Structure formats: C-alpha cells, structure tokens
Amino acid sequence: MTARTDALLEGLNPPQRQAVQCVEGPLLIVAGPGSGKTRVITHRIAYLNQQVGISPWRIAAVTFTNRAAREMRGRLAVLMGDGAQRLTAGTFHALCASVLRRDGEAIGIPRDYVIMDDDDQMNLIKQCMEQLQLDPKRFPPRSVLSAISRAKSQLLGPEAVAARADGPYDRLIAQVFAAYQAALGRSHGVDFDDLLSRTVELFRRAPEVLGRWQERFIHFMVDEFQDTNTAQYEIARLFAGKHRNLAVVGDPDQSIYSWRNADIRNILSFKKDYPDATIVSLSQNYRSTRTILQAAQHVIRANSQRIEQELFTENGDGAPIRIADTYSEEEEAQQVIREAQRLISEEGVQLRDCVVTYRVNAQSRALEEACLRYGVPYKIVGGVRFYQRREVKDLIAYLRLIENPFDEVSLTRVINVPARGIGKRTVDELLELANLRGIPPYTVLQMLADDPEYPTPFDARQRRQLTGFLSLLNGLSSLKPEMELPQLVDEVLEQSGLRSAIRDSDDPDAEDRLENLREMRGLSAEFAGAPAEESLPAFLERVALVSDQDSLQDDEEQYLTLITLHQIKGLEYPVVFITGMEEGVLPHMRSIDDPEQLEEERRIAYVGMTRARDRLYLFRSLRRRMFGSFGASRRSRFLKDIPLDLIEAGERGQRHGNGAMGSMERGPSLIGADDGALPQSPPFKAGEKVMHPVFGLGIVVDCSPRPGDYELTVAFPGNQGVKRILHSYGKLERVQRS
DNA sequence: GGTTTAGATGTTTTT
DNA sequence: CATCTAAACC
C-alpha cells in the first residue's frame, strides 16, 4: 500500500474503510447521521483515483443538491488537487439535462429545449384544463399537477395512466396529462420530471447512446439514496448497467421527500436487484453529543415502519437539551436571538455556529424581524427564491424566447410585459388561433406579419401591437450571434422596456427590483467570453436547475442562518435551534391524520435534531399566527419522546405540566425576570403601568388568576393594541409611579 | 385595454 | 393575513 493510501485510510473506522476500499461491484452504505458519510464518499473517490487509477472523469457522483456537489468538489480538491474538477458531480436533474442536451435529439427533443419550472407547469396545466373545459373548482389544478408528476416519476405516460385508470377521475387525469405533454412538446419544453423520465426513455430507445454513457462512467455513486424516486433509481441502474459499480448511500430514517415521490423502498429494491451487493452500515456518530444522539434516537424509534439501526458515539454527554415554551411567535424569536447572543458573549460560541431551523418558510418572518430588531446579521436560505421574483422571471422569459420562440409559457408571460396594449382577450384569441391551426403562437405572429391579408379576428390596432412585439423579439434574437450574454441582457432590458417600466413605476420596491435585474446581469457575466448564441442555453439551464443562489459559503462572515428543516439536511452546526415544536407545525397539520405522513414528520424532526453538534434547543410557542386562527397549540408529540434525564432540569416539570408556562431564560440576560417562582398573590393591579421588552410601556387592564399563574391583560399604545400575557412569563416589569 | 379596488381564497416541504 | 382574482371603473 502506498503512503498516500495510508494517509487516506488513516482515521477511518473499520466499516468506513470497508466502504472506501470496496472498489468493485454494487455497494449499499446505510449511514446514520453524522457517521462521516460524506467523508467516506470523497475518500472513496480519491482512493479509486490513487489506488485503482481511475480518472475522476470516469466517475459520477450524484448528490441531492447542487450545494452538496459543490461541497464535495471542494473537499476532493483538498484530497486530490485539481483533478477533482473533472469529476461529474451534481444532481440527477443536472446530469440528465446534459445528457438530453447532447443526445436528446435521438428521441425528438429539440436542441433549443427549455426547462420549465413548477410555475410554468402550473400555467400549462391550467391552460390545458381550460381547453378541456374542466372546472378548476372541482378539479384543483394543484392536485391534477401532482397526480401527473407522480405518474411521471413512476415512469408512466398518459397512455399508461389511462390504461390503469380506476374511475373517471383517473381517466380525466390521463386526458389532462396527454394535453399537457402535447403543450410541452409544442413549446419545446421539458419539465423537471421530464428531465428524468425522458432520459430513461432515451436510454431505452437508443441503445447506442446508453452504451456510450455506460462506458463513460466506470463508477456511479448516489448520495441521499433514500430520497430517490423510481425514475432516478432506474437512471442509476441504467448508467451502471455495464460496469455494475453502483454505490448508494442512504439513511431510511432521513427520508423526508416522499411528497416528491421519493420512495424508501428503493433501498429494498437495491438489495433485490443487486443480491451480490456489499452492505456496509456506518453507525458510529462523530457529530453530536451523546445526549443529542440519544434524544434523537428516542424520537425516531417511535416510528413503526423502520429498520432499527443502533447508533452509538464516543463523544461526551455534553449539555442537556433545552426545551422552551414561549407565549407567542415573537417571544419565541426573541428568545432564540437572546440565547444565541448569550452563547456568544458567555460561552465563546460564534454567530455562524448557530442555526435556526423550522418546518415552514413562513416561520422565518418572526425570526427575521427579531434579527433586525436586535441587529443580528442573518441569512435566510431559500424562502422566496431569487429566480421566482417577478421581474427576474420576466427577464428569463425574454431570454427563453430568444433561445426558443416556441415557448408558449414565456410568450404569454411577457407578450404584454411591460404593458404594450395586448390584453387578455387578444392573447386568448392568439392562442385559440394557434390551437385551431395546430401551429405555435409564434408562427401565427410570423404569418400575421408576413401576410397582411392573413385572416384573423384582430383589428388593425391589435395587429400592429402584435407585429410590434414580434419584431422586438426577432430583433433581439438577431443580436444573439454577435453579442455576449451580458450585452444581450442589457439589450433585452432596454428594448423591451422592462427596465424603464420599473424605473418609472411608483412601486415602492422599484429599487429592489432594479437591483435584482442588475444581479441577473451580473450572473450572466459569468457566461461572457463567447457569443450569446452559445452561452445562452447554458445560462438558462443554470438558472432553471441551480436554486441555491445565495449559497452557504464557508466564509469568515458572521451571520445567523435561518433555514427550513428540509434544506438543512446534510448540514451540521454546533448550536441548533428548532422552532415551532407544536402540533400542527411539526408535525404539520396536513400530515397529522395520515400515519405514513406522520412518520415522515417524525423523520423531519429527527433530521433537525441530528444536525446539532453540541447544543440543541427546541422551542414551542403557545400561540402562533396562522391564517387568522389564533387557537392555543399543543406541544409537539415528538417532545414527549425525549427522556426527561436528557432535558435541562428547569424544563422538565413543564413536560406534563398543567398549562403553566415558564421562561427558558432565567439568567441575568432576561430583563426583569425573577426566578420564575409562581405568584401567590396578584402581581399587578389594574391601572398599573408596566414595561414590556417588546411592546414597551403599557397599562394593566386586568389581572386574573389562571391555574398556577396569572393572566394579565395589558393595553399597549399605538396599533399594538391589547395583549394577554402570562405573568410566569416574567417579561413584565413594574414601572415606578412618577 | 388598462387600472384600481374589493372580495374571496387558500394556505408544506423543493430539484 | 397576504396574495391572488374578478369585477367595476377609467
């Protein structure tokens, strides 16, 4: 064994070594959280390169997000230098996009195809349903879309859906499905599911293409295997069909994407399809304290559909888990921030070591406000994504039209943006005409312009506007070969009037929106150096597939990360705050009465808990602003599964408490807090002035007893109104009468 | 055809 | 409660 190899294997435990050194045949790695799975993958790639002499170019590593791929490349660069750049690393979607770009013509996918996002999908579905005269009230387009999407990820076409139809609803779905696929075809569009299913189709129908790709990748690896769907499983199987070196890594307990048709059974299928597979189980956790790991284990063990995997750690016990009840969402956010600040000032923690994670994006709002109030720098991961913003989508639509004028979705999106006198009626008539003649709307426009006698329902004014739009489009397209992408973007913004329309509008966000457009232009600058003709498709693909625009970089910057529990998968932080540990939030209301979905919610909680290295905080708010209703929420059932001895002493009593609430913070950091002792006599009288850390000065209106506590009704000035606050909450401070 | 307003409506997670 | 939609107005 060479010295380099020794270095590679050093510090790995026996199962990790086995996984790294297993260089032939199928391999299934069942890896618990924090078991060094990423390390095993990167070391395995380096090992294949250094020990077996396989070029990274002949290895594919499929990850779940582009961010994970980038991180993998970074780690590999440390292990093996620049060679790592040649590794094919990315998502299934990105890999398939490049396969289709290269070879898709074999099954009739045009070279200028554009990738449709979920918004585009929804628009097309609605349009199809309108044509089929289906009432969107009776058949919500969302559920129609999700049925179609499910069929696609199971590799079923419209015919297959029709054939298996069980009842009129299924037949209807099949009908919309067929119309939708036809519309996609007309638009030269490919949606996210198509990227996968059409790649399978390509491989099945064009054996010579399949053969080439099978030859190319000697090794094929899939991370987060528990979150693959049927189509992805099939793609992996096809890619690895020749060399049979398929390595998959997954943890059934961390499967949280079944709603995207991920299928945990793929792990079982793998064992069946590859009976000769080496199976390695990584069960030592290097990440978390023993306390955190045990708590997480207790939570996940309550799932019934599960293969028990005993995890262990040699790490120390660490700090107990802290569970905090707060009264409102604002209090919750405030306490998270204050505790983070306390850790920073007293425990030597850095801000970037902390993360706040939650079930739904909407929860980030209160946290964001608290950050602003306390001057804590923060970054929200995901949320309203950059590429989803209106002005950005408009610009992309123009660019897509330049690349592919047949794109109906983009055409209808921007034909009247900015307003240029082409109203809904005109657009409807245009679409109907196109439909009638069986030609794309763009071609109709073209004929309209070429032949003044072309019979249409349009009057002279409409005609003028339509042909005006057409010449704008054609003018921009003609610039494509002679310009670089950033210049082309400028031309689009100028000639279309997008920029001036925003500048001249009285929209208060106008400046933000212009900034977004500038950012897009900046992004396009990465693709400079070649005529737009060549760089535009790459740019559009990037924009469609890479969502983590604001990437989590390992820079020196100090900020607090706010992120959903779904997106935090695969990451780790010394300090983790999970907010919204309530029935209805986690587990989410929509999952609560379905046992299977409930198990997934539990896995989501498990994923969140196991992100923590040293400290784990679980927050719960009694009341939460959720679509109007303010009902008191109950503590998440998942909290009950954490053994008492792992929880900070102060919080234990509340576990099965009688509704009394206490404050998590009892230290000096809490303004006006006493030690939380329950009041024996009314603490305040009506008419007294009090100070609240958030709402400011207020007047007590009422003070009435509650079991073990007092509820205060306090009026605050301005539009803050009257609040009810529990006294044990300790936030109110008496103001001396002057 | 465009703009403003009131009203309804529908609420998870993302490549 | 915030965002989208439809209808009334310009």
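Cut-offs and rules
- Residues numbered from 1 in each chain as written.
- Chains lettered and ligands numbered in written order.
- Predicted model: local features only at pLDDT ≥ 70, side-chain atom pairs only at ≥ 80, totals over all residues.
- Heavy atoms only, no water.
- Phe/Tyr/Trp six-rings, centres within 6.5 Å; stacked < 30°, edge-to-face > 60°.
- Helix = DSSP H or I, 4+ residues; strand = E, 2+ residues; numbered from the N terminus.
- Buried < 20%, exposed > 50% of the residue type's maximum accessible area, 1.4 Å probe, protein only.
- Salt bridge = Lys/Arg side-chain N within 4 Å of Asp/Glu carboxyl O.
- Arc of directions from axis to C-beta.
- Pairing = 2+ DSSP bridges.
- Axes fitted to C-alpha atoms, helices over the stretch in contact; angles between N-to-C directions.
- Contact = heavy atoms within 4.5 Å.
- Parallel < 35°, antiparallel > 145°, perpendicular 65-115°, else oblique.
- Nonpolar A, V, L, I, M, F, W, Y, C, P; charged D, E, K, R; others polar.
- pLDDT = per-residue confidence, 0-100.
- Core = buried A, V, L, I, M, F, W, Y, C linked by side-chain atoms within 4.5 Å.
- Right-handed = clockwise from strand over helix to strand, strands pointing away.

Some words on the packing of aromatic side chains
Okay, step 1: Under the criterion given, the structure shown has 15 aromatic pairs.
Okay, step 2: A ring pair is formed by W213 and F239, whose centres lie 6.1 Å apart and whose planes are at 85°; its orientation type is edge-to-face. Placement of W213 in helix α11 (residues 207-216) and of F239 in helix α12 (residues 230-239) is noted, with a sequence separation of 26 residues between them. The same class applies to W213 as to F239, namely buried.
Okay, step 3: Plain terms: the ring middles of F406 and Y442 are 5.8 Å apart, the flat faces sit at 90° to each other, and that makes the pair edge-to-face.

A closer look at the pattern of salt bridges
Okay, step 1: The full count for this structure, using the stated rule, is 56 salt bridges.
Okay, step 2: As a salt-bridge pair, K37 and E224 come within 3.4 Å of each other at their nearest N and O atoms. You can see K37 sitting in helix α3 (residues 37-50) and its partner E224 sitting in the loop between β6 (219-222) and α12, a full 187 residues away along the chain.
Okay, step 3: Residues E582 and R624 are paired through a salt bridge, measuring 2.5 Å at the closest nitrogen-oxygen approach. On the criterion of sequence distance, the pair formed by E582 in the loop between β15 (573-578) and α26 (595-609) and R624 in the loop between β16 (612-621) and α27 (649-652) is long-range, its members being 42 residues apart.

A short note on helix α16 (residues 364-374)
Okay, step 1: All of the buried residues along α16 are S364, A366, L367, A370 and C371. When α16 is viewed along its axis, its buried side chains cluster within an angular range of 165° and face the same direction. With respect to the buried face of α16, the exposed residues turned more than 90 degrees away are R365 and L372.

A word on the sheet that holds strand β11 (residues 322-326)
Okay, step 1: Within the open sheet, the six strands sit side by side as β11-β16-β15-β12-β14-β13. Their pairing is parallel. A strand with exactly one partner marks an edge of an open sheet, and here the two such strands are β11 and β13 (378-380). Each strand axis lies, on average, 20° off the axis of its neighbour in the sheet, ignoring direction.
Okay, step 2: Sheet topology note: the strand β12 (residues 354-358)/β15 ladder contains four bridges and is parallel. Considered in β15, the bridge of V355 is made with V576.
Okay, step 3: Contacts between helix α15 (residues 329-347) and the sheet are confined to β11, β12, β14 (560-564), β15 and β16, with β16 contributing the most and set at about 155° to the helix.

Comments concerning the sheet that holds strand β3 (residues 88-90)
Okay, step 1: As summarised here, the arrangement of the six strands in space is β3-β2-β6-β7-β1-β8, forming an open sheet in which the pairing is parallel. The sheet is open, and its two edges are formed by β3 and β8 (278-282), each paired on a single side. Taken pair by pair, the neighbouring strands of this sheet meet at an average axis angle of 10°, ignoring direction.
Okay, step 2: Sheet topology places strand β1 (residues 27-31) next to β8; five bridges connect them, and they run parallel. Counterpart to L28 in the pairing with β8 is I279.
Okay, step 3: Each of β2 (59-62), β3 and β6 is contacted by helix α5 (residues 92-103), which is oriented at about 140° to β6, the strand it contacts most.

Quick word on the packing of helix α6 (residues 118-131) against helix α7 (residues 141-153)
Okay, step 1: Two elements in contact, α6 and α7, have axes separated by 10 Å at closest approach and are oriented at 110°. As far as their axial angle goes, α7 and α6 are roughly perpendicular. Contacts between α6 and α7 involve Q121, M122, I125, K126 and M129 on the former and, on the latter, P141, R142, V144, L145 and I148.
Okay, step 2: Classifying every residue of the contact of α6 with α7 gives seven nonpolar, one polar and two charged.

Side note on the confidence of the model for chain A
Any region with low pLDDT has predicted coordinates that should not be read closely.
Okay, step 1: Of the residues in chain A, 86% have a pLDDT of 70 or more, and the chain-wide mean is 85.
Okay, step 2: Of all secondary-structure elements in chain A, the lowest mean pLDDT belongs to strand β20 (residues 721-726), at 58, while β6 reaches the highest, 97.
Okay, step 3: Below a pLDDT of 50 lies the segment residues 652-680, which in the model reaches 59 contacts outside its immediate sequence neighbourhood of four places, other chains included.

Thoughts on the side chain of S288
Okay, step 1: Along the polypeptide, S288 turns up in the loop between β9 (284-285) and α14 (290-301).
Okay, step 2: A residue is classified by how much of its surface remains accessible, and S288, at 1% relative accessible area, is buried.
Okay, step 3: When near neighbours in sequence (up to four residues on either side) are disregarded, S288 contacts L293, T313, N315, T610, A612 and R613.

Some points on the nonpolar core
Okay, step 1: Residues Y387, L395, L399, F469, L485, M520 and F539 are the most contacted members of the largest nonpolar core, which totals 52 residues.
Okay, step 2: Ranked by residue count, the leading element in this core is helix α17 (residues 390-403), at eight residues.
Okay, step 3: Excluding its chain neighbours within four sequence positions, the residues that come into contact with F539 are L399, L485, M520, L523, S524 and F527.
Okay, step 4: If you look at the next biggest cluster of nonpolar residues, it comprises 42 residues, including L28, C96, V190 and V222.

A few points about the environment of Q51
Okay, step 1: Structurally, Q51 is set in the loop between α3 and β2.
Okay, step 2: Among the residues examined, Q51 registers a relative accessible area of 33% and is labelled partly exposed.
Okay, step 3: Sequence spacing of Q51 and R413 is 362 residues, and the spatial spacing of their C-alpha atoms is 54 Å.

A look at the pairing of β6
Okay, step 1: Of the two faces of β6, the one lined by H219 and M221 and the one lined by F220 and V222 are each fully buried.
Okay, step 2: Across four bridges, β2 lies against β6 in parallel orientation. Pairing of A60 across the sheet is with F220, part of β6.
Okay, step 3: Here β6 pairs with strand β7 (residues 246-250) via three bridges, running parallel. Residue pairing across strands places M221 opposite A247, the latter belonging to β7.
Okay, step 4: The β-α-β motif built from β6, the intervening α12 and the parallel element β7 has right-handed crossover chirality.

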